[in-house]
Amino acid sequence: MKLVKKIAAGILLPFGLAIVILATADLLNKNATADSKEGSAAILVLFGLPSLGLGSWFVWDLTQKSRAEKRDRLQDAFYQLVEANGGKITVLRFAKEADLSGAEAKQYLEEKAKEFNASYDVNEQGDITYRFTF
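Just so we're clear, the structure is a prediction, and the values are computed from it rather than from any experiment.

This next bit is on the overall build of the chain. For the chain, the helix and strand inventory stands at four helices and three strands. When the helices and strands of the chain are read in sequence order from the N terminus, they spell out α-α-β-α-α-β-β. Relative to the globule expectation of 14 Å for 134 residues, the C-alpha radius of gyration of the chain, 26 Å, shows a markedly less compact shape. Along the three orthogonal principal directions, the C-alpha set of the chain runs to about 80 × 30 × 20 Å. Looking at the chain as a whole, 28% of its 134 residues are labelled buried. Residue pairs at least 24 apart in sequence account for 53% of intrachain contacts in the chain once pairs closer than 6 positions are excluded. Carbon together with sulfur atoms contributes 60% to the accessible area of the chain, which is approximately 9,200 Å² in total.

Structure representation (structure tokens):
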């Protein structure tokens, strides 16, 4: 279903945008006849705007689902690591498990540390180990 929505959005958005641009140009054309303007308005309302709207909705829906999937994936990785390591997590380990950059992993762990009042251990190299208690 995700692939179908991607394909539909890829077709509907450019199609709708092209119709909206062409119909609007005809509507704004001072030399266009009244019949031409009526036809352009009908095409705009019947095809251009619905195509643009539906294509935009598909993109919005796919984006929201992608964000939810990422949030769930990160949360699963976080809780698995907390449980498997007795509450201790490093940025590197979390980044590797969650397939994130170091900066993203650190930001996520900082947020979770605030949420759960975690403590920190810092070694001589400056690496931070987050300590979450059960």
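From this point, things continue past the structure.
A few words now on the nonpolar core. Most often, soluble globular proteins keep nonpolar side chains buried together rather than apart. Within the largest apolar cluster, 18 residues are counted, with the highest numbers of intra-cluster contacts made by Phe78, Ile89, Phe94, Leu109 and Phe132. At the level of secondary structure, the elements contributing two or more residues to this core comprise helix 2 (34-84), helix 3 (91-98) and helix 4 (102-116).

On to helix 1 (residues 2-28), then. Helical geometry: 3.6 residues make up each α-helical turn, so side chains three or four residues apart lie on a common side. With 27 residues, helix 1 extends 38 Å from end C-alpha to end C-alpha; this agrees with the ideal 39 Å at 1.5 Å per step. Regarding helix 1, the residues found buried are Lys5, Ala9, Leu12, Gly16, Ile19, Val20, Ala23 and Asp26. Along its buried surface, helix 1 packs onto helix 2.

Further remarks concern the sheet that holds strand 1 (residues 88-90). Pairing between sheet strands relies on hydrogen bonds along the backbone, with the strands arranged either parallel or antiparallel. Spatially, the three strands line up as an open sheet ordered 1-3-2, and their pairing is antiparallel. Strand pairing shows two members of the sheet lacking a second neighbour, strand 1 and strand 2 (119-122), which therefore form its edges. Neighbour-to-neighbour, the strand axes of the sheet open up by a mean angle of 30 degrees, direction not taken into account. Across three bridges, strand 1 lies against strand 3 (residues 128-131) in antiparallel orientation. Residue Thr90 lies in a different strand from strand 3, and its bridge partner there is Thr129. Where helix 3 meets the sheet, it contacts strand 1 and strand 3, and its direction lies at approximately 80 degrees from that of strand 1. Helix-sheet contacts for helix 4 involve strand 1, strand 2 and strand 3, and the interaxial angle to strand 3 is about 35 degrees.

One can find Lys5 in helix 1. The class of Lys5 is buried, set by a relative accessible area of 9%. The contact partners of Lys5, leaving out residues within four places of it in the chain, are Trp57, Phe58, Asp61, Leu62 and Lys65.

Parameters at a glance
- Residues numbered from 1 in each chain as written.
- Predicted model: local features only at pLDDT ≥ 70, side-chain atom pairs only at ≥ 80, totals over all residues.
- Heavy atoms only, no water.
- Helix = DSSP H or I, 4+ residues; strand = E, 2+ residues; numbered from the N terminus.
- Rg over C-alpha atoms; globule rule 2.2 N^0.38 Å.
- Buried < 20%, exposed > 50% of the residue type's maximum accessible area, 1.4 Å probe, protein only.
- Contact = heavy atoms within 4.5 Å.
- Areas by Shrake-Rupley, 256 points an atom, 1.4 Å probe, with all protein chains shown as cover.
- Core = buried A, V, L, I, M, F, W, Y, C linked by side-chain atoms within 4.5 Å.
- Expected span 1.5 Å × (residues − 1).
- Pairing = 2+ DSSP bridges.
- Axes fitted to C-alpha atoms, helices over the stretch in contact; angles between N-to-C directions.

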